[in-house]
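Observations on the model geometry
The lines below spell out each chain.
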Amino acid sequence: PIHNFEKYDPKIVERDWYEWWQQRGLFKPTLSGDKFTMLLPPPNVTGALHIGHALTLSIQDAIARWNRMHGRSVNWVPGTDHAGISLQSVVEKRIKRESGLTRHDLGRDAFIEKVWAWKRQYGDRIKHQTARIGASLNWSEEYFTMDPQHSQVVRDAFIRLYDDGLVYRATKMVDKVPTEGRVLLDVPGNQTRVEFGVLHSVEFRVVDPPANGPHAVCVETTRPETMLGDVALAINSGDARYEITPAHDADDYACAQRHGLPVVQVFAPDGTVVQDIALPEFAGMSRWRARERVIAALKPTGAYLGKRDAEQSVILRCSRSGDVIEPMLMPQWYVQCGKLAQQADGLVQTGAIELLPGRQRAVWHNWMSGIEDWC
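Below is a short write-up of the structure. Here the structure is a predicted model, which is why all the values come from computation and not from measurement.

1. Remarks on the side chain of Asn67
Inspection of the secondary structure assignment puts Asn67 in helix H2 (residues 51-69). You can call Asn67 buried: its relative accessible area is 6%. Among residues more than four places away in sequence, those in contact with Asn67 are Phe36, Arg72 and Val74.

Written out as structure tokens, the structure reads:
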């Protein structure tokens, strides 16, 4: 492109050169030469590109151009990722902010159309940003991970994995990354701040106690609201005493499995107390409201003995919503990792795959031998 500038304008020059390259098909693979194909890690359509994307694009662009200079037929394929839960979350927030509605209010078809509208808006912005960097991508093969062809490939792969026993459906407990300490947190959907990092003492009175035995057992909990799902007390004369709440604690669930205890679900997926709870006056409450009401119900009976700082309290919060994680039994899909991990470990231990530095072999073995199935 030829320009007559009094002053050099990089925006115009770079834009015109990029269009010129595109018009002449310089980014498409040639008919001769060895093939070199590379996939651009698809950025999420949840927003705009950042400096991390710019770094990846710059490195891959240098690799693509270097291979073209060596006479290879280069096909650098661009695309964008629908980002699953992340995209659903940001679209839901926009709908709520603009109309006060939820995805359930809209219905599946209308919500999916909102997702596609978001993709058109931010997918185009991402493409424009990528072009402004000058990335020599083959735009004729641009894809989106929700395109019919790619969706079909994912479904086919999932079915094969299921048929081979590598994916399965199971109800398990899920955990998240913690923050620590006693704090008052702003919790989404709650008008008042919620106190965390404290232990509440509750007394369980023994029915028909023996003459020389205890008349009550005191336990401490950081989550009084889950007492609605307590099914047992674990007592060790040489250790502390514990409540057993199988539906909302991974250790308690494992204990319940060992001893055949019932599993009482306290919270629904939306964080409210389930409708069929044994004490119907708590049904439908948020967990934080239920916490307040449980404590209020215990105080007149003398069973609530007060609270104190929890020395090693852990608060689990969602990195996306900021909400506090509630350990909960939920049906999920899992990847069977046992055999895969054995194969991966065997290849490293036999030297078929070499890890550098060599001391990482022990770390690899430790991780692979203790791996759990992935959610």
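2. A few points about the packing of helix H9 (residues 338-349) against helix H10 (residues 360-369)
A pair of packed helices is captured by two measures, namely the crossing angle of their axes and the spacing between those axes. One can describe the packing of H9 onto H10 by two numbers: an axis separation of 9 Å at closest approach and a directional angle of 165°. With respect to H10, the axis of H9 lies roughly antiparallel. The handedness of the crossing between H9 and H10 comes out as left-handed. Where H9 abuts H10, its residues Ala341, Ala344, Asp345, Val348 and Gln349 lie against Arg361, Trp364, His365 and Met368. Residues of the contact of H9 with H10, tallied by class, amount to five nonpolar, two polar and two charged.

3. What about the sheet that holds strand E9 (residues 198-205)?
In spatial order, the strands read E10-E9-E13; together these three strands make up an open sheet with antiparallel pairing. Every other strand in the sheet has two partners, leaving strand E10 (216-221) and strand E13 (304-309) as the edge strands with one partner each. Strand after strand, the sheet turns through a mean of 25° between neighbouring axes, direction not considered. Across six bridges, the pairing between E9 and E10 is antiparallel. Across the sheet, Glu203 pairs through a bridge with Cys218, a residue of E10.

4. A short note on H2
With 19 residues, H2 should cover 27 Å at 1.5 Å per step; its first-to-last C-alpha distance of 27 Å lies within 8% of that length. Among the residues of H2, those classed as buried are Leu57, Gln60, Asp61, Ala64 and Asn67. Angularly, the buried residues of H2 cover 125° about the axis, an arc narrow enough to put them on a single face. For H2, exposure combined with an orientation more than 90 degrees from the buried face picks out Ile51, Leu55 and Met69. Packing partners of the buried residues in H2 comprise strand E1 (35-39), strand E2 (73-77) and helix H5 (108-133). Looking one or two places after H2, you find Gly71, whose phi comes out positive at around 80°.

Criteria and thresholds
- Residues numbered from 1 in each chain as written.
- Predicted model: local features only at pLDDT ≥ 70, side-chain atom pairs only at ≥ 80, totals over all residues.
- Heavy atoms only, no water.
- Helix = DSSP H or I, 4+ residues; strand = E, 2+ residues; numbered from the N terminus.
- Buried < 20%, exposed > 50% of the residue type's maximum accessible area, 1.4 Å probe, protein only.
- Contact = heavy atoms within 4.5 Å.
- Axes fitted to C-alpha atoms, helices over the stretch in contact; angles between N-to-C directions.
- Parallel < 35°, antiparallel > 145°, perpendicular 65-115°, else oblique.
- Left-handed = near helix turned anticlockwise from the far one by under 90°.
- Nonpolar A, V, L, I, M, F, W, Y, C, P; charged D, E, K, R; others polar.
- Pairing = 2+ DSSP bridges.
- Expected span 1.5 Å × (residues − 1).
- Arc of directions from axis to C-beta.

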